Amino acid sequence: MNQPQTLAQKLIAAACGRPVVAEGEIVTCAVDLAMFHDSSGPRRLRPMLEELGAPLWDRSRIVLVIDHYVPESDEESRRIVRIARDWANEQRLPNVYDSVGISHVVVPQHGHIRPGMFCVGGDSHSPTGGAFGAYMFGIGSTEMLGVAVTGQIWVKVPRTLMMRWSGRLEAGVTAKDMMLHMIGRYGMNGGRYQAVEFCGEAVRALTMQERMTLSNMSAEFGSQVGLIAPDEVTVAYLREAGITQPIEIERWQSDAGADAEWHEFDADALAPQVAAPHSPANARDVDQYVDTPVQVAYIGACTGAKLEDLRAAASILRGRRVAHGLRLIVAPASRQDQDLAEKEGLIQTLRDAGGEVFPTACGACAGYGGSIPDGANVIATTARNFKGRMGSETAQVFLASPYTAAASAVRGRISDPREFLA
């Protein structure tokens, strides 16, 4: 009889060509997809590859996204982006996305990540791919060099931590709140660099974009991957992204009886969350921080400016204006999401409320662009609020969902969005 396997074990076993793997084993896996961007990729990989005199293992399995240093604002950013563009041309890379949005949103939108894949990314938020039932994690430039040349990487089979959410989220409460609550409860090393799998009724009820937020912030939880078993929601999203071939979902489920560590959460009882400076682990119910004044609201990043995030913010801001003197910055996560938001009238709603629309790039989340003033209290939909992360060493960044950020923008102080939705 086969030994029951978690989803993480099944994905690793498939990638290393074995029927089963055991926790703690070290195995060599074949990589299906390697993603990197202008910051982590060519400027570091190109000189190392040239020194080795080694070719890329498979251009078709590499995706390059130019998202961190665009639009170029100084000589250094122009240099970094030029290296990326030149290298993409030299290597004749077929999958290059230049200035069309953030890698963790753009790559899934173009159907590059599917259930059962084993993927790596040159960015700490690469676990976003786990939302599709793929094993995907972030690696550094030297490890990426090994992958780029050999198409392989070793991995130690992790323990699986099952995060089971029962019940349903109420209006105004999101996947971002779920994630902040988990990080607030267990800390930024709660995932212990193991495999986290999100499951339960509340997770199943989430849309793909909301699931992507959960998996993305597995990085802040300290896990290697953040998996969600694929289902019909996954298939529908991938069909929309243009995938026509069969998509297997039945195989990519954790077996009943597989050895895992279980943690229980109640979605019905979850309030909107806010994480105070300077750590996502400082997350508490919004009422703990209510009435804290804010001068800037930032709706951006891969965890806070996808189409559904823009819908959430617009639902609060429709027919309202932001507080006098407050700056509302909106940086959509991808060109595709911005175009759809324009069609739905969401961008106009955000502009009418007093919002400024910035380019679809990592922007202030990566500390780029100088849009966050020194000394300001900022409420942001980003994944991280480390000191100086958004560019200013003296800004105080509070993390929240797009609903909470928008509600706080209207009042000029941290506010519970449920009061606006009642």
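Quick caveat, the model's predicted, so the values are computed rather than measured. (Residues numbered from 1 in each chain as written. Predicted model: local features only at pLDDT ≥ 70, side-chain atom pairs only at ≥ 80, totals over all residues. Heavy atoms only, no water.)

**Some points on the environment of Gln-288**
- Of note, Gln-288 is situated in the loop between strand S13 (283–285) and strand S14 (296–300).
- Gln-288 sits in the exposed class, given a relative accessible area of 57%.
- Note: C-alpha distance between Gln-288 and Ile-102 (186 residues apart in sequence) is 32 Å.
- Only 3.2 Å separates the side chain of Gln-288 from the side chain of Asp-287, close enough to count as a polar contact. (Helix = DSSP H or I, 4+ residues; strand = E, 2+ residues; numbered from the N terminus. Buried < 20%, exposed > 50% of the residue type's maximum accessible area, 1.4 Å probe, protein only. Polar contact = N/O pair within 3.5 Å; in protein donor to acceptor, adjacent residues only side chain to side chain.)

**Points about the packing of helix H11 (residues 307–317) against helix H14 (residues 402–411)**
- It is at 8 Å that the axes of H11 and H14 come closest, and there the two elements cross at 30 degrees. Judged on the interaxial angle alone, H14 and H11 are roughly parallel. Both H11 and H14 take part in a crossing whose hand is right-handed. Of the residues in H14, those touching H11 at Asp-309, Ala-312, Ala-313, Ser-315, Ile-316 and Leu-317 are Pro-402, Tyr-403, Ala-406, Ala-407 and Val-410.
- Looking at the contact of H11 with H14, its residues break down into nine nonpolar, one polar and one charged. (Axes fitted to C-alpha atoms, helices over the stretch in contact; angles between N-to-C directions. Parallel < 35°, antiparallel > 145°, perpendicular 65-115°, else oblique. Left-handed = near helix turned anticlockwise from the far one by under 90°. Contact = heavy atoms within 4.5 Å. Nonpolar A, V, L, I, M, F, W, Y, C, P; charged D, E, K, R; others polar.)

**Overview of the side chain of Ser-279**
- Checked against the element boundaries, Ser-279 lands in the loop between strand S12 (273–275) and S13.
- Taking the relative accessible area as the measure of exposure, Ser-279 reaches 16% and is therefore buried.
- Ignoring any residue separated from it by four or fewer positions in sequence, one finds Ser-279 in contact with Met-188 and Asn-385.

**Remarks on unusual backbone geometry**
- Between Val-70 and the following residue, Pro-71, the backbone shows a cis peptide bond with an omega angle of -10 degrees.
- Residue placement: Pro-71 occurs in the loop between strand S3 (62–66) and helix H3 (75–91).
- The step from Pro-277 to His-278 runs through a cis peptide bond, and the omega angle for that step is 0 degrees.
- Following the sequence through the fold, His-278 ends up in the loop between S12 and S13.
- Positive phi, close to 60 degrees, is recorded for Ser-99, a residue that is not glycine.
- Structurally, the position occupied by Ser-99 is in the loop between strand S4 (96–98) and helix H4 (103–109).
- Positive phi is not limited to glycine here, since Asp-291 has a value of about 80 degrees.

**Concerning the sheet that holds strand S10 (residues 225–227)**
- In spatial order, the strands read S10-S9-S8-S11; together these four strands make up an open sheet with parallel pairing. Edge positions in the open sheet fall to S10 and strand S11 (261–266), since each of these has one partner strand only. Strand-to-strand twist in this sheet, taken as the mean axis angle between neighbours without regard to direction, amounts to 20 degrees.
- As paired strands, strand S8 (residues 160–166) and strand S9 (residues 195–199) are joined by five bridges and run parallel to one another. Bridged to Met-162 within S9 is Glu-197. (Pairing = 2+ DSSP bridges.)

**Overview of the sheet that holds strand S6 (residues 135–138)**
- Taken in spatial order, the five strands line up as S4-S3-S2-S5-S6 in an open sheet, and their pairing is parallel. On the outer flanks of this sheet lie S4 and S6, each paired with one strand and no other. On average, each strand axis in the sheet is inclined to that of its neighbour by 15 degrees, with strand direction left out of account.
- Contacting strand S2 (33–37) and strand S5 (118–121), helix H5 (residues 141–150) runs over the sheet at an angle of about 135 degrees to S2.

**Quick notes on the pattern of salt bridges**
- Throughout the structure, instances matching the rule amount to 26 salt bridges.
- Ionic pairing is found between Lys-10 and Asp-255, a salt bridge with its closest N-O pair at 2.7 Å. Taken together, the residues Lys-10 in helix H1 (residues 7–16) and Asp-255 in the loop between helix H10 (232–240) and S11 connect sequence positions 245 residues apart.
- When the shortest N-O distance is used, the salt bridge between Arg-18 and Glu-25 registers 3.0 Å.
- Judged by its relative accessible area of 35%, Arg-18 is partly exposed.
- Salt bridges sharing partners connect three or more residues here, namely Glu-23, Arg-159, Arg-192, Asp-259 and Glu-261. (Salt bridge = Lys/Arg side-chain N within 4 Å of Asp/Glu carboxyl O.)

**Some thoughts on the state of the cysteines**
- With the rule as written, the count across this model stands at zero disulfides.
- Looking at the unpaired Cys-29, the closest cysteine sulfur is the one in Cys-16, lying at 5.1 Å.
- Taking relative accessible area as the criterion, Cys-29 reaches 0% and is therefore assigned buried. (Disulfide = S-S within 2.5 Å.)

**Topic: H5**
- When we look at burial in H5, the residues that qualify are Ser-141, Met-144, Leu-145, Val-147 and Ala-148. Around the axis of H5, the buried residues are gathered within 165 degrees of arc, so they sit on the same side. (Arc of directions from axis to C-beta.)

**Observations concerning the pairing of S2**
- A large share of S2 lies buried, amounting to five of its five residues.
- What you see with S2 is no split at all: Leu-33, Met-35 and His-37 on one side and Ala-34 and Phe-36 on the other are buried throughout.
- In this structure, S2 lies alongside S5, joined through three bridges in parallel fashion. Bridging across to S5, Ala-34 finds its partner in Val-120.
- Sheet topology places S2 next to S3; four bridges connect them, and they run parallel. Counted as the bridge partner of Met-35 is Val-63 from S3.

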